Amino acid sequence: MSETDVILRLGVALIVGFGIGVERGYSHRGVPDGQRAAGVRTFTFLALIGAGCGLSTAFAGPWLLTATALGVIAFLIAAYRAGLARSPDLGLTTEMAAVATFVAGALSGAGYPFATVLTGAAAILVLHNKPALHKLTEGIARDEIDAGVK
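**Student:** So, the side chain of Glu 95: which residues are in play, and what are the values?
**Tutor:** Its place among the elements puts Glu 95 in helix α4 (residues 93-109). Despite its burial, Glu 95 remains without a salt bridge, the nearest opposite charge being carried by Arg 24 at 7.3 Å. Excluding residues within four positions of it along the chain, Glu 95 makes contact with Leu 76 and Tyr 80.

**Student:** Please give an account of the pattern of salt bridges that cites residues and values.
**Tutor:** All told, the structure shown has three salt bridges when counted by the stated rule. Residues Glu 23 and Arg 24 are paired through a salt bridge, measuring 3.1 Å at the closest nitrogen-oxygen approach. Considered together, Glu 23 and Arg 24 belong to a single accessibility category, that of buried residues. A salt bridge links Arg 142 to Asp 146; the shortest N-O distance between them is 3.5 Å. Residue Arg 142 and its partner Asp 146 are both found in helix α7 (residues 142-149); the two are separated by four residues, about one turn of the helix. Residue Arg 142 is classed as exposed on the basis of its relative accessible area, which comes to 63%. When its relative accessible area of 31% is taken as the criterion, Asp 146 is described as partly exposed.

**Student:** How would you sum up a nonpolar patch on the surface? Please name residues and give values.
**Tutor:** Taken together, Val 126, Leu 133, Leu 136, Ile 140, Ile 145 and Val 149 make up a surface patch of nonpolar side chains, about 540 Å² in accessible area. The set of elements that each furnish at least two residues to the nonpolar patch consists of α6 (130-138) and α7. Relative to the assigned elements, Val 149 resides in helix α7. Assessed through its relative accessible area of 68%, Val 149 is described here as exposed.

**Student:** I'd love a proper account of the nonpolar core, names of residues and values included.
**Tutor:** For soluble globular proteins, nonpolar side chains are generally found buried alongside one another. Counting 13 residues, the largest nonpolar core has Ile 20, Phe 43, Leu 46, Val 72 and Ala 98 as its most contacted members. Where this core is concerned, the elements lending two or more residues are α1 (3-27), α2 (40-60), α3 (63-86), α4 and α5 (113-128). In terms of residues, this core owes the most to one element, α4, which gives four residues. Beyond its immediate stretch of four places on either side in the chain, Phe 43 contacts Gly 17, Ile 20, Gly 21, Arg 24, Ala 38, Thr 94, Ala 97, Ala 98 and Thr 101.

What counts as what
- Residues numbered from 1 in each chain as written.
- Predicted model: local features only at pLDDT ≥ 70, side-chain atom pairs only at ≥ 80, totals over all residues.
- Heavy atoms only, no water.
- Helix = DSSP H or I, 4+ residues; strand = E, 2+ residues; numbered from the N terminus.
- Buried < 20%, exposed > 50% of the residue type's maximum accessible area, 1.4 Å probe, protein only.
- Lys, Arg positive; Asp, Glu negative; His and termini not counted.
- Salt bridge = Lys/Arg side-chain N within 4 Å of Asp/Glu carboxyl O.
- Contact = heavy atoms within 4.5 Å.
- Patch = residues over 30% accessible without salt bridge, like charges linked within 9 Å, V, L, I, M, F, W, Y side chains within 5 Å.
- Areas by Shrake-Rupley, 256 points an atom, 1.4 Å probe, with all protein chains shown as cover.
- Core = buried A, V, L, I, M, F, W, Y, C linked by side-chain atoms within 4.5 Å.

Right under this line is the structure:
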């Protein structure tokens with residue numbers, strides 16, 4: 001793998017992590033410092049960590065990626081539990097976005113930049129359109145869901 005390829009993979013991960021982090025920071029802009037779960041820096045780091053692990057699979061196999069993914073998930077669970085102590089009505093969206101960001105970074109590091117961009121764009125789209133998605137689900141009738149399932 002050339003240095004240019006490594007730079008491209010890390011760069012795509014950096015951009016996607018930064019984009020997801022900007023969206024999370026924007027959506028939590030009214031929350032005081034120290035009370036926000038994660039923002040631009042955290043999501044950028046998650047994508048870069050995932051990319052580093054994805055790059056390592058070429059010479060180290062899947063073990064570092066697997067161990068790091070489990071560590072990231074354990075950290076997110078611990079952070080979520082701590083957040084529940086402060087606010088019992090805490091959602092899981094930021095934690096799920098963090099997992100998606102790590103996975104996007106790993107995809108980029110493993111050589112799938114297009115999948116990384118699609119994952120990041122989809123995550124940003126879903127995160128940013130919370131009001132529209134909630135309005136959509138509130139407007140669906142039970143019989144419409146039944147018809148869709150059938």
